[in-house]
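Reading the structure
Listed below, chain by chain, are the residues.
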Amino acid sequence: MRNSVNRPPTPDAVEDQEKEPTLQEIINIKMIESGEKEKLMELLRERLVECGWKDEMKALCRAYIKKKGTNNVTVDDLVHVITPKGRASIPDSIKTELLLRIRAFLASAAL
Amino acid sequence: MMSRNSMYTNPKPCKHLADYKLRHGLSGYNLLQEQIRTTPSGKSSVKNHQTEIPRCCFCNGYQKRLYLCLICSSISCSSHTLLHSQCENGHDIAVDIERSELYCVLCCDQVYDPDFDKIVMLKHLMDLPRSGNGVDVSAGRRSSKRRRLCSALELDLKKTKQLVSMRDLRAKSCYPLGLRGLNNLGSTCFMNSVLQALLHAPPFRNYFLTGQRNHEVCRKRSSDRLCLLCDIYVFFSAVFSGDRTPYSPAQLLYSWWQHSANLASYEQQDAHEFFISVLDGIHENGVKARNTGECHCVAHRVFSGQLRSDVTCMSCGYTSTTYDPFMDISLNLDTGNCPSTDLANKSLKPSDNTYVSTLLGCLDLFTKPEKLGSDQKFFCENCQERQDSVKQMSIKRLPLVLCLHIKRFEHFPVRRMSRKIDRYMQFPFCLDMNPYLSSSVVRNRFGNRMFAFEGDELDTSTEFEIFAVVTHSGTLDSGHYVTYLHLKDQWYKCDDAWITAVEEEVVRASQCYMLFYAQKMLYYKANEDLVCQPVSPRADPFLPIAGCC
């Protein structure tokens, strides 16, 4: 039997809701709700595979695992190591394409 | 390039996962199954029926990776999973919502459970449009695997051992059996090079040497007609006789001309075309193929495999699968060029000039999913209209001997010109074909789930050893074919009538055109048998071999 008395109190989510959601948050939420974010993610994945970015990240991961040893690496490790390199190496053309799509979405959602 | 795992073994569960399984079994997984949704591209996510977007119950964040606790279904972001586990004792296992992958909070790492993957897979398959999918969840067919193994064993050289006497090996002065120069009869190096490779394809060689081809009772010869199989048998006997003087395969050449009248001339021909045409000739001359099932002529038994082609509709995920037989695989050279544009700002990618083509790279290219052009829209049965689609090739069944042909001759019918691609390609001596099998390729498509697929023939070996390399030098119009044979750990260069022992570096540096790999166990067995020398009354085995240095 678990002692619910000893559990720490659930953090108060009420306070957070009093803050005004930023524009970025509003856009993000709208995009997720309409399913547009899902579509853009698929598009992004496709583009990144096409240009070889995914293969490069895979190679980086392999190199890192080889260096550390298979049993000494966790997924979190890999994510932390790869993320900055990944973000830096995305081709500009892909960034541009996605920005255009987001802009088009905003126009159509009348935000 | 790192090699992939040859054995697809399941990783051991961490003790937290093992603990969870003991206590809860599959109940958590089964409850989750309802909520899993899969996109046509194969990505499985956990989608609650809530209209709101999932948020971390501690920080209300929604941007990071979110994990759903398997026991209480509360959602935490990657920063707060540990906190949840501390609050609730035993809530250690969670599922990554976006990817449907298991995560152990205490190990801070992804964990794997075949039972979980099975449930995700089942849901995915249930959601896919029916039929033609090609991924059958039910138990794999026993198929003709056993028949094929028996076939391979029949082609064993055991019988030949009874015909030759065992001799004490005098090491270097004794060349292996079956090494004999072939005279060039007028631009016939294309034929000589392929014949050298065929002479040493283990099951092919054994078939002819163990007298399975009984040319005495060949109907064609008795009626004075040409029989390609008999001529090949005569050819094999001559080469393996122990006589080392260069041999002229004139009868064989004539026999082949009869079969392939369009190629009968003294012009240089393509070695690969010759190879295909000889196999075709053997097939037609040989045992009459039964109407159902596989052909049992020696050419098919040795060289034929099966390819699988999957065409997937990009809108709904419906996949149409077809199987086709093959006698060899023609590969395009991988050049490392990406189809997309802007890579200028990438510091990681080396310039194209330094990219070295490799055989594994070519095989990767062969099994890579390829987006079909807009002019090749596939008619999707499910959508009932033409859709953009993706095609992917893989190998359903490997042959005993694998012939890989590198497409070095480009033909441009519009411009009416042809050219040769001289690009160097690196190739391994040991080749593991596991990553290119249908089971591996299809499994990867579903996101590397731990799941046994139909046709997962784990006890069939996928490891191959190289035994012959046919190389081409020169231009398309005036070139020369040379074969390198790998026998008993030594490489031999077979240049028409001249046979020399060479170092393996020479072979590695050569410009390969056709590569011949044999299944590992067949290769090693065949090499054992080469130790014996035939007792030949004519030739003294210690005389220096004419034409060899």
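The residue numbers shown here count from 1 along each chain, following its written sequence. Labels are handed out in written order, letters beginning with A for the chains and numbers beginning with 1 for the ligands. Local features are withheld for residues below a pLDDT of 70 in this predicted model, meaning they are given only at 70 or higher, and side-chain atom pairs are given and counted only at 80 or more; totals for whole chains, interfaces and linings count all residues. Computation of side-chain values: all heavy atoms of the structure, hydrogens and water removed.

Chain B has the name Ubiquitin C-terminal hydrolase 22 in an unreviewed UniProt entry, where Citrus sinensis is given as its organism.

The name an unreviewed UniProt entry assigns to chain A is Transcription and mRNA export factor ENY2, from the organism Citrus sinensis. UniProt positions are given in the numbering used here, feature names are shortened, and annotations may be inferred rather than shown by experiment. According to UniProt, the comment filed for chain A under the heading Subcellular location (unreviewed entry) is "Nucleus, Nucleoplasm".

1. As for the sheet that holds strand β15 (residues 389–397) of chain B
Residue and element names in this part refer to chain B. The pairing criterion for strands is at least two bridges between them, as found by DSSP. The numbering of helices and of strands both runs from the N terminus, where a helix is a DSSP run of H or I of at least 4 residues and a strand a run of E of at least 2. The four strands are arranged β9-β8-β15-β12 in an open sheet whose pairing can be described as antiparallel. Each edge of the open sheet is held by one strand with a lone partner, namely β9 (319–326) and β12 (370–371). In this sheet, β15 lies alongside strand β8 (residues 305–313) in antiparallel orientation, the contact comprising eight bridges. From the neighbouring strand, Asp310 faces β15, where its bridge partner is Gln392. In this analysis, two residues are considered to be in contact whenever any of their non-hydrogen atoms come within 4.5 Å of each other. Lines fitted to C-alpha atoms define the axes here, with helix axes fitted over just the stretch in contact, and angles between the N-to-C directions of these axes take values from 0 to 180 degrees. The sheet strands contacting helix α15 (residues 438–445) are β8, β9 and β15, and the helix crosses β15 at an angle near 145°.

2. Describing the state of the cysteines
All names here are of chain B. Pairs of cysteine sulfur atoms within 2.5 Å are what we label disulfides. Applying the stated criterion across every chain, the model contains zero disulfides over all chains. You can see Cys430 has no disulfide; the closest cysteine sulfur is in Cys512, sitting 16 Å from it. For the exposure calls, accessible area comes from a 1.4 Å probe over protein chains only, and a residue counts as buried if that area is under 20% of its type's maximum, exposed if over 50%, partly exposed in between. For Cys430, a relative accessible area of 52% gives the class exposed.

3. Description of the nonpolar core
Residue and element names in this part refer to chain B. If you look at the biggest cluster of nonpolar residues, it comprises 63 residues, and the most contacted ones within it are Phe204, Phe303 and Phe516. Take this core: its biggest share by element is nine residues, from helix α10 (residues 228–239). With sequence-adjacent residues up to four places away left out, Phe303 is seen in contact with Leu198, Ala201, Phe204, Phe275, Leu279, Phe326, Met327, Pro399, Val401 and Phe516. In these notes, a set of buried Ala, Val, Leu, Ile, Met, Phe, Trp, Tyr and Cys residues joined through side-chain atoms within 4.5 Å is what counts as a nonpolar core. Within the second largest apolar cluster, 34 residues are counted, among which are Leu331, Leu333, Leu431 and Trp491.

4. A look at unusual backbone geometry
Residues and elements named next belong to chain B. Notably, Ser187 is not glycine yet its phi reads approximately 55°, a positive angle. The residue Ser187 is located in the loop between α6 (158–163) and α7 (189–199) in this model. With relative accessibility at 33%, the residue Ser187 sits in the partly exposed group. The backbone of Asp496 shows a phi angle near 50°, a positive value even though the residue is not glycine. Among the structural elements, Asp496 can be located in the loop between β23 (490–495) and β24 (498–502).

5. What about the packing of aromatic side chains?
Residues and elements named next belong to chain B. Stacked, edge-to-face and tilted are the three classes for Phe, Tyr and Trp ring pairs, Trp counted by its six-membered ring, which pair at centre distances within 6.5 Å; planes under 30 degrees apart are stacked, over 60 edge-to-face, the rest tilted. Under the defined criterion, the tally for this structure stands at 22 aromatic pairs over all chains. Ring pairs connect the aromatic residues Phe204, Tyr207, Phe208, Phe235, Phe236, Phe240, Tyr247, Phe275, Phe303, Phe467 and Phe516, which therefore count as one cluster. To sit over a ring, a charge needs its Lys NZ or Arg CZ within 6 Å of the ring centre and within 35 degrees of the ring normal. Of note, Arg508 hangs over the ring of Phe429, and the distance from its end group to the ring centre comes to 3.7 Å.

6. Focus: the pattern of salt bridges
One speaks of a salt bridge when a side-chain nitrogen belonging to Lys or Arg is within 4 Å of a carboxyl oxygen belonging to Asp or Glu. A full pass over the atoms with the stated rule returns 20 salt bridges over all chains. With a closest N to O distance of 3.0 Å, Arg308 of chain B and Asp310 of chain B form a salt bridge. Both residues of the pair, Arg308 of chain B and Asp310 of chain B, count as buried. Taken together, the shared-partner salt bridges connect Glu46, Arg47, Glu50 and Glu97 of chain A together with Lys371 of chain B into one network.

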